[in-house]
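Report on the structure
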Amino acid sequence: MAAPLMVTGRASRRWLEEQFNGAAERARRTGRPALVSVSEAAEPFDPVVVYESARARGLDAMFWHVPWQDVALVGAGSVWAVTAAGSGRFEQASRAWRALMEHAVHVVAEGVSEQGGPEPGPVLLGGFAFDAGSATGPWEGFGDGRLTLPRVLYGASAGRTWMTVNTLVTAETDPARAAGAALEALEEARAWAEPAVAATAAAAAGAAPAAVVAPAAAGTPACRVAAEDVPPKDEWLAAVREVAAAIRGGALEKAVLARSTRLTAAGGFDIGAALRYLQAHYPECYVFAVGRGHECFIGATPERIVHKRDGVVQVACMAGSIGRGATPGEDERLGRWLLSDPKNMEEHRVVLRSILQALAPVCTDVRAAETGLRKLANVQHLYTPVTARAGRDADVLALVARVHPTPAIGGWPTADALKLIREKENLDRGWYAGPIGWMDGAGDGEFAVGLRSALVQGETALLFAGCGIMGDSDPESEYEESVLKMRPMRAALGAGR
């Protein structure tokens, strides 16, 4: 996939008019809109402040923060979006993005350098439902898949920060007006991030910057939050027993059953406070929020689907889990047990095998490292990193299409597991456990699994968690595991642990 044409110079109005004039000529020649992305260096910003500024102005927005990678992306507004549905949704999105990139130009102001991660330029942000057709009920506004090119993108990587303003140019676009509007959008974007400058000054004086401060009480006070299992606990336990029996009978090897808890809070939930809580308490996770209309899908997921950059592919195999110990000795004992438990190790092997098989047709040098432990604040998982070299035509969405859903979130064999999930789960999964992330103009990017997450709609929040069911699964133990997995979002939204 070819990256957009890059032009470097001083971001003067006259210089920008020349670039927009060229884009308008391309639009007239091809009969298709041409994208112009203008990037310039920016002061350090607080991603939560920027996200909340966009939402307060009634804009759709997406928040993506990976503290352990030193990466943050916040998209505000939309100039172009691709919606995709059905079994070919990843290919649909990729094809539409490639077509837009054919005539795109990236205008880079002097002083903006490569980052070594996400880089300045056009970036799509968004995600997909877990299963085509599963975005029903409360998820209808999200659909099977939607990736958005924001009007303004704030980016941070490797200690550098920038802003990108995207403009879709048609044959009728006035280059002078478009250039002026782009400069005005950059100026407004700087104003949105101004509170972060004050936070940086406070940090220099010895105070903690706002971006890393977790409020003592995130979201709504616990006393005002009511909780209800969906489906009811007894129904979910019965479904676990039925699925385990089907596995023992040889119908399949594994299936992942999810459930949800509905929280209700008078006055709604504080998304900004929830994001700060997740940043502070789960720095080893991908913290995300997709704000659309009056809804927000928010979470802190530990599980990568695919990361691709310059042909290098990284995939995380995570399956099998147990809680953390109260002391270092107990924690080590629990970890050793997890590494030797037959049920969890077999579940992990099933997932690893499927990932290796999925990558083999489109990648070379596919390798799995030794299985170890991934320790999070409240849980530890069996973890095996996988690396590979992508084929020339495989962008990050092509890799997502091959890997998702892994048996860690769906089951194995995949088709049989998905059929059983649809029959037994009695739940609208929507974007829960679906791919969430970004893709740049060169087809590189990263997607993670939308786990440890919640769909917030006004005074209601639906929290989700799933458990890998095997033939010897104990329903009560699986239920307790799901409770453990919901703790991050319960605490972030002010519902206690």
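Since this is a predicted model, take the numbers as computed values, not measurements.

Looking only at helices and strands, the protein chain features twelve helices and 24 strands. Looking at the protein chain residue by residue over its 497 residues, the buried ones come to 58%. Taking as baseline every contact in the protein chain between residues at least 6 positions apart, the subset at least 24 positions apart corresponds to 77%.

As a further point, take helix 7 (residues 271–281). Here helix 7 lies mainly inside the structure; nine of its eleven residues are buried. Of the positions making up helix 7, those classed as buried are Ile271, Gly272, Ala273, Ala274, Leu275, Arg276, Tyr277, Leu278 and Gln279. The inward-facing, buried residues of helix 7 abut helix 2 (47–56), strand 3 (61–66), strand 13 (286–292), strand 14 (295–301), strand 23 (453–457) and helix 12 (475–492). By the N-cap criterion, in which a side-chain oxygen at the helix start approaches the backbone nitrogen of a residue two or three places on, helix 7 is capped by Asp270, the distance to Gly272 being 3.2 Å.

Attention shifts here to the environment of Phe464. Here Phe464 shows up in strand 24 (residues 460–469). We classify Phe464 as buried; its relative accessible area is 2%. The sequence separation of Phe464 and Gly299 amounts to 165 residues, and the corresponding C-alpha distance is 9.9 Å.

Where strand 16 (residues 312–323) lies against strand 19 (residues 379–390), ten bridges are found, and the strand directions are antiparallel. For Met318, the partnering residue across the bridge sits in strand 19 and is Tyr383. Examined bridge by bridge, strand 17 (residues 363–368) and strand 19 share four bridges and lie antiparallel to one another. Within strand 19, the residue paired with Arg367 across the bridge is Thr387. Inspection of the sheet shows strand 18 (residues 372–375) paired to strand 19 by four bridges, in the antiparallel sense. Considered in strand 19, the bridge of Arg374 is made with His381. Between strand 18 and strand 19, which follow one another and run antiparallel, lie three residues.

In this structure the tally under the stated criterion is 14 aromatic pairs. When the centroid spacing of 6.1 Å and the interplanar angle of 80° are considered together, the rings of Tyr51 and Phe63 count as edge-to-face. One end of the pair, Tyr51, is in helix 2; the other, Phe63, is in strand 3, and twelve residues separate them in sequence. Clustering of aromatic rings is evident, with ring pairs tying together Trp139, Phe142, Phe288, Phe297, Trp431, Tyr432 and Phe464.

What follows deals with unusual backbone geometry. Cis geometry marks the peptide bond from His404 to Pro405; its omega dihedral reads -5°. If you trace the backbone, Pro405 turns up in the loop between helix 10 (396–403) and strand 20 (411–412). Looking along the chain, the bond that leaves Trp412 and enters Pro413 is cis, with omega of -10°. Structurally, the position occupied by Pro413 is in the loop between strand 20 and helix 11 (414–424). Although it is not a glycine, Asp310 adopts a positive phi angle of roughly 50°. Relative to the helices and strands, Asp310 resides in the loop between strand 15 (304–309) and strand 16. Given the relative accessible area of 55%, Asp310 is considered exposed. A positive phi angle is found at Asn426, which is not glycine, with a value near 55°.

Mapping Lys308 onto the fold places it in strand 15. According to the relative accessible area criterion, Lys308 is buried, its value standing at 8%.

A few words on the pairing of strand 3. With six of six residues buried, strand 3 lies mostly within the body of the structure. Alternating residues of strand 3 divide into Ala61, Phe63 and His65 and Met62, Trp64 and Val66, and every residue in both groups is buried. Inspection of the sheet shows strand 3 paired to strand 4 (residues 71–76) by six bridges, in the antiparallel sense. In the sheet register, His65 faces strand 4, and the bridge partner there is Ala72. Joining the antiparallel neighbours strand 3 and strand 4 is a turn of four residues, in which Asp70 adopts a positive phi near 55°. Judged from the five bridges that link them, strand 3 and strand 13 form a sheet pairing that is antiparallel. By the bridge assignment, Phe63 is partnered in strand 13 with Ala289.

Structurally, the position occupied by Thr264 is in strand 12 (residues 254–265). For Thr264, a relative accessible area of 35% gives the class partly exposed.

For the rest of this paragraph, the subject is the confidence of the model for the protein chain. Counting all residues, the mean pLDDT for the protein chain is 88, and 90% of those residues have values of 70 or more. The secondary structure element of the protein chain with the lowest average pLDDT is helix 5 (residues 194–204), at 46, and the one with the highest is strand 7 (residues 123–128), at 98. Confidence drops under a pLDDT of 50 for residues 197–223, and excluding neighbours within four residues, the segment shows 43 contacts in the predicted structure.

Okay, the packing of helix 1 (residues 13–30) against helix 4 (residues 175–192) next. Packing of helix 1 against helix 4 brings their axes to within 8 Å, and their N-to-C directions diverge by 125°. The orientation of helix 1 with respect to helix 4, classified from their angle, is oblique. The two elements helix 1 and helix 4 cross, and the hand of that crossing is right-handed. Contacts between helix 1 and helix 4 involve Arg13, Leu16, Glu17, Phe20 and Asn21 from the first element and Pro175, Ala176, Ala178, Ala179, Gly180, Ala182 and Leu183 from the second. When grouped by side-chain class, the residues that make up the contact of helix 1 with helix 4 number eight nonpolar, two polar and two charged.

Within the largest apolar cluster, 71 residues are counted, with the highest numbers of intra-cluster contacts made by Trp64, Val306 and Leu359. Apart from residues lying up to four places away in sequence, Val306 is in contact with Val313, Gln314, Val315, Val396, Leu399, Val400, Val403, Gly445, Glu446 and Phe447. Leu16, Val48, Ala274 and Ala461 belong to the second-largest nonpolar core, a separate cluster that totals 65 residues.

Time to look at the environment of Val123. Along the chain, Val123 turns up in strand 7. Note on Val123: relative accessible area 1%, which makes it buried. Considering only alpha carbons, one finds Val123 and Asp440, 317 residues apart in sequence, at a separation of 4.3 Å. When near neighbours in sequence (up to four residues on either side) are disregarded, Val123 contacts Trp97, Thr148, Leu149, Pro150, Leu153, Trp438, Met439 and Asp440.

What counts and what doesn't
- Residues numbered from 1 in each chain as written.
- Predicted model: local features only at pLDDT ≥ 70, side-chain atom pairs only at ≥ 80, totals over all residues.
- Heavy atoms only, no water.
- Helix = DSSP H or I, 4+ residues; strand = E, 2+ residues; numbered from the N terminus.
- Buried < 20%, exposed > 50% of the residue type's maximum accessible area, 1.4 Å probe, protein only.
- Contact = heavy atoms within 4.5 Å.
- Polar contact = N/O pair within 3.5 Å; in protein donor to acceptor, adjacent residues only side chain to side chain.
- Pairing = 2+ DSSP bridges.
- Phe/Tyr/Trp six-rings, centres within 6.5 Å; stacked < 30°, edge-to-face > 60°.
- pLDDT = per-residue confidence, 0-100.
- Axes fitted to C-alpha atoms, helices over the stretch in contact; angles between N-to-C directions.
- Parallel < 35°, antiparallel > 145°, perpendicular 65-115°, else oblique.
- Left-handed = near helix turned anticlockwise from the far one by under 90°.
- Nonpolar A, V, L, I, M, F, W, Y, C, P; charged D, E, K, R; others polar.
- Core = buried A, V, L, I, M, F, W, Y, C linked by side-chain atoms within 4.5 Å.

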